[in-house]
Structures are given as C-alpha cells and as structure tokens.
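# Secondary and tertiary structure notes
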Amino acid sequence: MRLLVTGGAGFIGSNFVHHVVEHTDHRVTVLDRLTYAGNRASLAGLPEDRVAFVHGDIADADLVDDLVAAADAVVHYAAESHNDNSLHDPNPFLHTNLIGTFTLLEAARKHGTRFHHISTDEVYGDLELDDPARFTEETPYNPSSPYSSTKAGSDLLVRAWVRSFGVSATISNCSNNYGPYQHVEKFIPRQITNVLRGIRPKLYGEGRNVRDWIHADDHSSAVLTILDEGRIGETYLIGADGEKDNKTVVELILHLMGRPTDDYDHVTDRAGHDLRYAIDSTKLRDELGWQPRFRDFEAGLAATIEWYRDHEEWWAPAKDSTEAFYARLGQ
Ligand code: NAD
Ligand code: TDX
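Residues numbered from 1 in each chain as written. Chains lettered and ligands numbered in written order. Predicted model: local features only at pLDDT ≥ 70, side-chain atom pairs only at ≥ 80, totals over all residues. Heavy atoms only, no water.

Identification of the protein chain as dTDP-glucose 4,6-dehydratase from Mycolicibacterium madagascariense is taken from an unreviewed UniProt entry. UniProt annotates the protein chain under Catalytic activity (unreviewed entry) with the comment "dTDP-alpha-D-glucose = dTDP-4-dehydro-6-deoxy-alpha-D-glucose + H2O". We quote the UniProt Cofactor (unreviewed entry) comment for the protein chain here in full: "NAD(+)". (UniProt positions renumbered as here; feature names shortened; annotations may be inferred.)

Here we take up the site of ligand 2. Around ligand 2, a shell composed of 22 residues is seen, among which T120, E122, Y147, R270 and H273 lie nearest. Contacts to ligand 2 include N176, whose side-chain N or O atom sits 2.9 Å from an oxygen atom. R190 is positioned with one of its side-chain polar atoms (N or O) 2.7 Å from an oxygen atom of ligand 2. Going through the elements one at a time, α6 (187–197) and β8 (202–204) are the ones with two or more residues in the shell around ligand 2. For the shell around ligand 2, the residue count by class is six nonpolar, nine polar and seven charged. (Near = heavy atom within 4 Å. Polar contact = N/O pair within 3.5 Å; in protein donor to acceptor, adjacent residues only side chain to side chain. Helix = DSSP H or I, 4+ residues; strand = E, 2+ residues; numbered from the N terminus. Nonpolar A, V, L, I, M, F, W, Y, C, P; charged D, E, K, R; others polar.)

What follows concerns the site of ligand 1. Around ligand 1, the structure places 28 residues, and the nearest of them are I12, D32, S81, Y147 and K151. Measuring from an oxygen atom of ligand 1, one finds a backbone N or O atom of F11 at 3.0 Å. With respect to ligand 1, the side chain of Y147 contributes an N or O atom lying 2.6 Å from an oxygen atom. Protein chains bury 97% of the 840 Å² of accessible surface belonging to ligand 1 in isolation. (Areas by Shrake-Rupley, 256 points an atom, 1.4 Å probe, with all protein chains shown as cover.)

The biggest cluster of nonpolar side chains holds 29 residues, and the ones touching the most others in it are F16, V17, I238 and L284. Elements that contribute at least two residues to this core include exactly β1 (2–6), α1 (11–23), β2 (27–32), β4 (73–76), α7 (216–229), β11 (235–238) and α9 (282–288). Setting aside anything within four residues of it in sequence, one finds V17 in contact with V5, G8, V28, V30, L43, L46 and V51. Counting 22 residues, the second largest nonpolar core, distinct from the first, contains I192, Y264, W307 and Y308. (Core = buried A, V, L, I, M, F, W, Y, C linked by side-chain atoms within 4.5 Å. Buried < 20%, exposed > 50% of the residue type's maximum accessible area, 1.4 Å probe, protein only. Contact = heavy atoms within 4.5 Å.)

To continue, consider helix α2 (residues 61–69). Residues three or four positions apart in an α-helix share a direction because the helix packs 3.6 residues into each turn. Those residues of α2 not exposed but buried are V64, D65, L67 and V68. Contacts made by the buried residues of α2 are with β1, β2, β3 (51–55), β4 and α4 (91–111).

Moving on: the packing of α1 against α7. Any two packed helices are characterised by how steeply their axes cross, that is the angle between the axes, and by the distance between the axes. One can describe the packing of α1 onto α7 by two numbers: an axis separation of 9 Å at closest approach and a directional angle of 65 degrees. What the angle tells us is that α1 and α7 run roughly perpendicular. In the packing of α1 onto α7, the handedness of the crossing is right-handed. Residues F11, I12, N15, F16, H19 and V20 of α1 lie in contact with α7, whose contacting residues are A216, D217, H219, S220, S221, V223 and L224. Of the residues contributing to the contact of α1 with α7, the split by class is seven nonpolar, five polar and one charged. (Axes fitted to C-alpha atoms, helices over the stretch in contact; angles between N-to-C directions. Parallel < 35°, antiparallel > 145°, perpendicular 65-115°, else oblique. Left-handed = near helix turned anticlockwise from the far one by under 90°.)

Here the focus is the packing of aromatic side chains. Scanning the entire structure with this criterion turns up 14 aromatic pairs. A ring pair is formed by F93 and Y147, whose centres lie 6.4 Å apart and whose planes are at 75 degrees; its orientation type is edge-to-face. Note that F93 is positioned in helix α4 and Y147 in helix α5 (residues 146–165), a separation of 54 residues in sequence. F93 gets classed as buried once you look at its relative accessible area, which sits at 1%. (Phe/Tyr/Trp six-rings, centres within 6.5 Å; stacked < 30°, edge-to-face > 60°.)

Next up on the list: the pattern of salt bridges. Here the structure, examined in full by the defined rule, presents 23 salt bridges. A salt bridge links D265 to R200; the shortest N-O distance between them is 2.7 Å. Here D265, found in strand β13 (residues 265–267), pairs with R200, found in the loop between α6 and β8; they are 65 residues apart in sequence, far enough to count as distant. Note on R200: relative accessible area 35%, which makes it partly exposed. If you follow the salt bridges from partner to partner, you end up with R200, K202, R259, D263 and D265 in one network. (Salt bridge = Lys/Arg side-chain N within 4 Å of Asp/Glu carboxyl O.)

Turning our eyes to something else, we now look at α6. Burial runs high along α6: eight of the eleven residues are buried. Every buried residue of α6 is accounted for by I188, P189, R190, Q191, I192, T193, N194 and V195. Packing partners of the buried residues in α6 comprise β7 (177–178), β8, α8 (246–256), α10 (297–310) and α11 (312–328). Residue G198 follows α6 closely and has a positive phi angle near 80 degrees.

Here is the structure:
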C-alpha cells in the first residue's frame, strides 16, 4: 500500500513511520508542515525508496488533493497537540485540527480513499479518581480544553463524512503516549530532560491527576491493525491499562535517574486540568485481536530515559525556549 501519513515528523507519527518500515512493505509519503513540533531528524535513517517527505499544510486543498489522489490510504496524525499551548493561543488548533481535517476528508471523499483518523481519549472529558468506569466507544463526548474540543470536532467531522458521503473512514482514540521522539514540552520528556540538565522536575498542582500510559510503538501496531481489519465507520479505543498518577511518574523518573525521589517542584496547576483518563480497549482486543507489547511501564520508561540520554542533539534545540515559555506561565 501507499500510505499518506500526515504529521509524520511529529512524535507519534514518526514512531508510526518507523514501525511501518520495520513491520510492513508499505510505502509512505509524509505530509508535515514542520511546526515547532515537527522535526525531520525524527525520520533520519529511513530508506528513501520507502519514505518520501512533503513539506506542507494539511489545510492546503490543492496540495492535499494531489497527495490523496496518489495514496491508497491516509493515516491522519497531524494536529496541534499540546493542551497548555491551546490555553495560551487556541487559533492554530482550529486551523489544523478542524480546517485541516476537513480538507483531508474532502480529498478522501473525492478520490474514494481509505481514511484513518487519529484521535485522543481527551474527547471524553475526565473521570473521578474513584470512578470504576473507564472510557468506552459509547462514552459521550465532553471535552475540556481548546485542544480536546477541536479534536472532538474533528472526530465528528469524520463521522459525518462517513454517514453523509460514504467516506471509508475509521477513528481511533488513544490514551497518553510515551517513548522516543516526544517533544520536550510534554510531561515525561520535560521531566527527563530537566533532570539531565540539572533542573528540578515540575509537577502541576498536587500531581494527583491520572493518565493512562501506552508506549507509542503499541499505538502504532494498533493503528496498523485497525487500518487492515477495522470495520468502516467504527471507532476503536486504544489503551494498555497503564493508569498512573503524575506524582508517581515524576518520582519513578527521579528514582530511575538516580536522584532523590522528592527532588521536584510543585508549580501552578493547568487551568481546567482534567483529573483522570482511563481507556477500556476491549473492543479492539476482542474484535481485532490486538495486544500491547510494552506491558511493563517501568521498563518502557527506563528505555525512554536512555533514549533521551543518548539523543541530546535531538531535543536540546527546543529545550531552552520551551522552559522559557513555561517560566512565563509560572510552570
Ligand atoms: P506532535 O505535536 O508531536 O506532532 C504533530 C505533527 O503535526 C508535527 O510534526 C507538526 O509539524 C505537524 N503539523 C501540525 N500542524 C500541521 C499542519 N497544519 N499541516 C501539516 N502538518 C502539521 O503530536 P503527537 O503527540 O505526535 O500527536 C499526533 C496525533 O496523535 C495528534 O492527532 C494527537 O491528537 C493524537 N494523540 C496524541 C497523544 C499523545 O499522547 N501525544 C495521545 C492520543 C492521541
Ligand atoms: O510539566 C508538566 N507537569 C505536569 O505535571 C507537564 C508538561 C504536564 N504535567 C501534567 C499535566 C497532565 O496531567 O502531566 C500530565 C500529562 O501532561 P501532557 O504531557 O501535557 O499530556 P496531556 O495534557 O495529558 O495530553 C497528552 O495526552 C493526550 C497529549 O499531549 C495529547 O496530545 C493527547 O491527546
């Protein structure tokens, strides 16, 4: 197959491209605008006869039309993805997450191209800490931030294009990813690179908020499974039973990096901070037979720490400006 992967120079998109090259015969064209979050170095070393790169905007209808016409399937990762940025300036989130997704859907409709939309568990809002329920495909949408509301809107566009225009689309909503190539603005790489730089990790509020962690490589295998075997029009939740509160994660990072586990700061909490996310991925596992490979969070985290230790040249250029942004917010 010829895959068009949008956002393939970002964190999860680049992990997906590496996974596809390693595990399939597909050829990939990456379409990426190379915003602050995109990095061509994340695709370095991949074979040129398998992976092509196009620098451009998913909201550029002429460009998108040409690329979708040449693809057998679109896997749509491109997004503005950081909640804290969306609280500071929502505008790019509307452009990319809504107009960009609309532009891709119109091209998929015109050319009859298979479409897989990557989304997030954040569209479902949050759960109480003691709620026995987890998110399922039936949970009502209830997004909290400009980021999650534009992702929710993009999911609804996909559903409407399936029903009204017969677009062959599937949707997946995944929990929090960790692994290599994640931007230093995000929680886990921020704390790892802080420790590497001799800066104390920064925990929002009390750190009671729970995230459901999955390794990015497991996200990739789930997306390939849905692309191959998913039922058109269906939504699949992707998760690996990885619930941890933020305080536990910071203390584990410090422990794995040989630091005292109380060597961190509590900083200003995020506005509207979602308390807990938790995914029930029974449908994906029972219907399509998918299973995560990384079941030991501590081992996956240790490998991720090693990756950041070994790849300072990849993350260092973004570190100072990211910390300056957080410092202005008191975080
Ligand atoms: P990221 O911010 O690391 O990467 C986004 C990529 O999209 C970047 O390479 C950027 O340059 C590109 N991009 C942004 N705007 C673009 C535009 N207008 N045109 C073309 N390219 C553009 O994001 P990520 O964390 O890898 O997330 C990828 C997808 O996965 C997003 O759709 C996100 O909502 C979803 N998701 C992320 C997580 C997570 O934990 N990070 C969890 C679930 C779902
Ligand atoms: O310095 C920090 N300190 C801190 O305590 C940062 C950056 C974050 N946090 C907290 C906020 C969250 O409770 O850690 C948790 C994780 O934060 P992020 O990495 O910003 O992720 P989150 O807001 O949970 O969203 C992520 O998962 C779902 C991705 O960024 C989204 O793109 C995805 O949809």
